[in-house]
Every structure is written in C-alpha cells, then in structure tokens.
Amino acid sequence: MKIAIVSGKAEGPTKLNAFDNALSDAGIGDVNLIKVSSMLAGNTEIEELPKLKAGSMVNCVLSEITSDNPGDTITAVIAVAIGEKLGCVVETNGINKKESELIIEAQNMVKYMMDKRSVEIKDMITESSTATVENIASVVGSVIYLEDEIIEG
Amino acid sequence: MKIAIVSGKAEGPTKLNAFDNALSDAGIGDVNLIKVSSMLAGNTEIEELPKLKAGSMVNCVLSEITSDNPGDTITAVIAVAIGEKLGCVVETNGINKKESELIIEAQNMVKYMMDKRSVEIKDMITESSTATVENIASVVGSVIYLEDEIIEG
Amino acid sequence: MKIAIVSGKAEGPTKLNAFDNALSDAGIGDVNLIKVSSMLAGNTEIEELPKLKAGSMVNCVLSEITSDNPGDTITAVIAVAIGEKLGCVVETNGINKKESELIIEAQNMVKYMMDKRSVEIKDMITESSTATVENIASVVGSVIYLEDEIIEG
C-alpha cells in the first residue's frame, strides 16, 4: 500500500468554496474523495503526491475544519503510524486550540491504537495545517491512498 | 465519465423512511449510495438514469434534507458544470428558503469552482426538489456516477 | 452477495479510541470502513465474519454511538431483512433508550422498507450492542459486505 500525506488552507467566498480551495491547495481538489476509516496495510510506503486524474475516485482519510468567524484560529491534524503488520491514522481538528497540543493529542491517540494492536511503530508522521480566519477559511489534512488507476500519466 | 442527474421527494412514517422513499422516488432507492466529493472528469456525458442493479455500490453526490416539522418548505439543489478538462458539482439545501435563491447560490458556487480551475463551462445543469412537509418529508437531488457494473441488463 | 453481521462495545481513553476499540471488539478494527446506504442484493447470504486483510477497503452499514457521560446507557442496533429480489438494512441507535424498543423501531422501519418495495421478507436478523458508560464508551453494530479481495487466506 502506498499513501501520500498532504495539507492545505485557503479563504473563499462561501464555506463550500473555502473548503474546495483548501483541497486544491493540498493538491486534491480535482478528484472525488471517498472517506475511509483510517487503517493502513503492513509496511505502507509514503510517497509524494503524484498528479491525480481529474474526477477519479480516491480513498482518503480527511481532517478538515472550516470557519466563517473572522479571527478564529483553525487547525487540522493528521498523525500516521507505520508498522510491519499494519498502520493507523488519526485525524483531529480544533478551533482556537494550540496546534502543538492538537498534534500531541493526535500522536497519543495513534500510539494508543498501535499499542492496542500490539504493533510496534516503525515510523510516525504528523501533518498539520493552521490558519487564522480573515473572512471564511478552511484547513485540511489528508492521507491519500494511491492506486494505479487514479494516477495520471 | 457518464452521469445521471435525479431528484425525488416523499413523505414517510419516520425520517429514515421518508428519506428512503425520496430515494426511491428519485429512482435510486434499491442501491447502495457511496458519497463522493463532487468532481467530474473532462467532457462528462449526462444520460437518463438506467435501471440499476439492486444492492450495487453506486458513487454519487447527494443533496438531501428531511424534516418532521409540518409546514416547513424543504429544498434540495444540485448544480452541475461540465467542462472540457473537468467538471464540478455543488449540492446545497435549505429549510424555508426560496428554491430560486438556493438555485442561484448553487450556480454561483459551481461557477466559482470552475473559474478557480480556469475551466470554461460548456454546459450547466441544475436539478432541484422542493416540498412542503405534511408530517415527515424528505427531498433529494443526486448526481449518479454510471459505471457498467451497476447497470442492469 | 454475502454479508456478515457483527457488533462490539468497549471503553477507551478518548472517544476516538473507544470507538476504535469497539470496532476491534466487533472484529472490524483493522480495515477501512466505507459507509454505504443499506441495500442488499437478492437472496443475500449471511456468513460468519472471516479474517479480513489489514488495511483493505470494506463496504459496510454502520450503527455506532459513543458517549463520555458516565452512567449513560448506549445502544446500537442493526436490523437486516432478506428477500428474493433485494434486501434492506436499518441502523439506529440511542442514549438511555430501552434496547428492546430500539430493536422494535429498527424492525418496523426495515419491514416498512420491504413493504414499500413489495418484497416479501424471507429472513429477518437483528443485532444489537448495549453498554453502560463507565468513563468513555462506544457501541457498534455493522453489516459487512464480503468481497473476495478483502478476505485473508
């Protein structure tokens, strides 16, 4: 299994458009995201996000938060733990919470998940995106499951 | 890529059953809907909804709203923009909002999405469903992604 | 079409971890769950849950409820009706509601769905999970769609 870990942030004229702009900023704006519940196969490899085919169906774990309250600080976090037998992903987000605390929360949750499954963590990756809302803003973090048929070229 | 654009509305004895009846009214009651995030491939073709195989897994964009407050006017809207390189879908809905205003909102959001991607709109289609709630009612609008394996016959 | 019907319950240090532990208790903690909208093909067969491949993409209907309010009784219910032409699934859940009443509600909703489609019920199966919250707890019930590529072996 191969995955890419991405994040993005953007303002927009509506909440939907701010969210859509944040997805584009993360490089995943032109595909259909299908949300899945966050498990990885054993020895999952992490790659750079390739160019994806427009309109293709892409499995992902998505962390997102959108706010139209100017001055809010919004943060989306993804924590990924890789193991030999399997891996786990945790997504969390917050409004007006410290990015560093949200990252620690996510890391603790994913560590607990690996512990519970008695799988040693070989690698842990955290990705986060934070923004202070000007008018309407959105931040996203995502794990993209890379399958051959969604990759352009 | 081929899609069908459908809508439906219905009353029912519970919210779940009203929603299920509205899906049946739209012709998509006997399949499993998997919600995706609203992008289309280039030059997507729009077709009449064919007969779908019962129980098949069908990717869709879904706009739906259900209310058990008699007298409410509920409206679900889908706006689809087709372009050469890609297309976009917006879904929105509202309670006691004018159908015409919701349609314009959806069209503006989808135009903005296409603009942001620098893709010219070759065709724009809007579908909406509205109802005044008697007891418990649901309205739905949907873009159904048509793949060979979900079509009966 | 083949399905398995499972349920689980667990406590955990966070809501996310309680939910994850409940999925593991149900035997579906190591896969990616993709939620679908609850229709079955004709003459669907019910099987024991096989060992699933870690990280595989698994279509399911999921009933879940998680609470961090000690003393709450939480219940998740799945009702499955099998017919010759198609089948239906209903999921419901509740806090501090009688399990027996939630089961009857779910059964009534799924009977109504089959009636509306003029399909005779050949078999009806109900699965439920209930727990009283100590600190943070989650209960789940699920219909897992079994496809060859998700089964280990």
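First, a word on scope: everything that follows refers to the structure included in this document. (Residues numbered from 1 in each chain as written. Chains lettered and ligands numbered in written order. Predicted model: local features only at pLDDT ≥ 70, side-chain atom pairs only at ≥ 80, totals over all residues. Heavy atoms only, no water.)

1. Some thoughts on the relation of the copies chain C and chain B
Of the two same-sequence chains, chain C is brought onto chain B (RMSD 0.0 Å, axial shift 0.0 Å) by a rotation of 120°. Considering both components of the superposition, the chain copies are consistent with a three-fold axis. Residue C:Ile34 of chain C places its C-alpha closer to the rotation axis than any other residue of that unit, at 4.5 Å. Both copies present different contact surfaces, since only 5% of the interface residues of chain C are interface residues in chain B too. (Least-squares fit on C-alpha atoms with pLDDT ≥ 70 in both. Contact = heavy atoms within 4.5 Å.)

2. Some thoughts on the interface of chain C and chain B
One widely used convention gives an interface's size as the accessible area the parts lose upon coming together. Contacts between chain C and chain B engage 20 residues on the former and 17 residues on the latter. Across the chain C to chain B interface the summed buried area is about 1,300 Å²; carbon plus sulfur atoms make up 58%. Counting every contact that joins chain C to chain B gives two salt bridges. Notably, a salt bridge pairs B:Asp30 with C:Arg117, separated by 2.7 Å at the nearest N-O pair. For the pair chain C and chain B, the interface holds 10 residue pairs in polar contact (both at pLDDT 80 or more). Mapped by element, the contributors of at least two residues to the side of chain C that touches chain B are strand E2 (32-35), strand E3 (39-41), strand E7 (86-95) and helix H2 (99-116) of chain C. Sort the elements by how many residues they give to the side of chain C that touches chain B and H2(C) lands first, with four residues. The residue inventory of the side of chain C that touches chain B, partitioned by class, reads 12 nonpolar, three polar and five charged. (Buried area = accessible area lost by both parts, 1.4 Å probe. Salt bridge = Lys/Arg side-chain N within 4 Å of Asp/Glu carboxyl O. Polar contact = N/O pair within 3.5 Å; in protein donor to acceptor, adjacent residues only side chain to side chain. Helix = DSSP H or I, 4+ residues; strand = E, 2+ residues; numbered from the N terminus. Nonpolar A, V, L, I, M, F, W, Y, C, P; charged D, E, K, R; others polar.)

3. As for the sheet that holds strand E1 (residues 2-11) of chain C
Strands belonging to one sheet form pairs held by backbone hydrogen bonds; the direction of such a pair is parallel or antiparallel. Residue and element names in this part refer to chain C. Pairing in this open sheet of five strands is mixed, and the strands run E2-E5-E9-E1-E4 from one edge to the other. One side of each edge strand has no neighbouring strand; the edge strands of this open sheet are E2 and strand E4 (45-46). Bridge analysis of E1 against E4 gives two bridges, and the strand direction is parallel. Across the sheet, residue lysine 2 finds its bridge partner in E4, namely glutamate 45. (Pairing = 2+ DSSP bridges.)

4. Quick notes on the relation of the copies chain C and chain A
For the match of chain C to chain A, the screw axis carries a shift of 0.0 Å, the RMSD comes to 0.0 Å, and the turn is 120°. Here only 6% of the contact residues of chain C are again contact residues in chain A; the copies associate through non-equivalent surfaces.

5. A short note on the pairing of strand E5 (residues 57-67) of chain A
Residues and elements named next belong to chain A. Among the 11 residues of E5, nine are classified as buried, and the element is accordingly described as predominantly covered. Bridge analysis of strand E2 (residues 32-35) against E5 gives four bridges, and the strand direction is parallel. By the bridge assignment for E5, asparagine 32 is matched with methionine 57. As paired strands, E5 and strand E9 (residues 137-146) are joined by eight bridges and run antiparallel to one another. (Buried < 20%, exposed > 50% of the residue type's maximum accessible area, 1.4 Å probe, protein only.)

6. Focus on the pattern of salt bridges
With the rule as written, the count across this model stands at nine salt bridges over all chains. Of the charged contacts, one joins C:Glu47 and C:Lys2 as a salt bridge, the two residues approaching to 3.8 Å between their closest N and O atoms. Pair noted here: C:Glu47 is in the loop between E4 and strand E5 (57-67) and C:Lys2 is in strand E1, with a separation of 45 residues, a long-range link. Judged by relative accessible area, which is 34%, C:Glu47 ranks as partly exposed. Overlapping salt bridges, with partners in common, bring together A:Asp20, A:Asp30 and B:Arg117 in one network.

7. Brief notes about the state of the cysteines
Residue and element names in this part refer to chain A. Scanning all chains against the criterion turns up zero disulfides over all chains. No disulfide involves cysteine 88; its sulfur sits 17 Å from the nearest other cysteine sulfur, which is in cysteine 60. According to the relative accessible area criterion, cysteine 88 is buried, its value standing at 0%. (Disulfide = S-S within 2.5 Å.)

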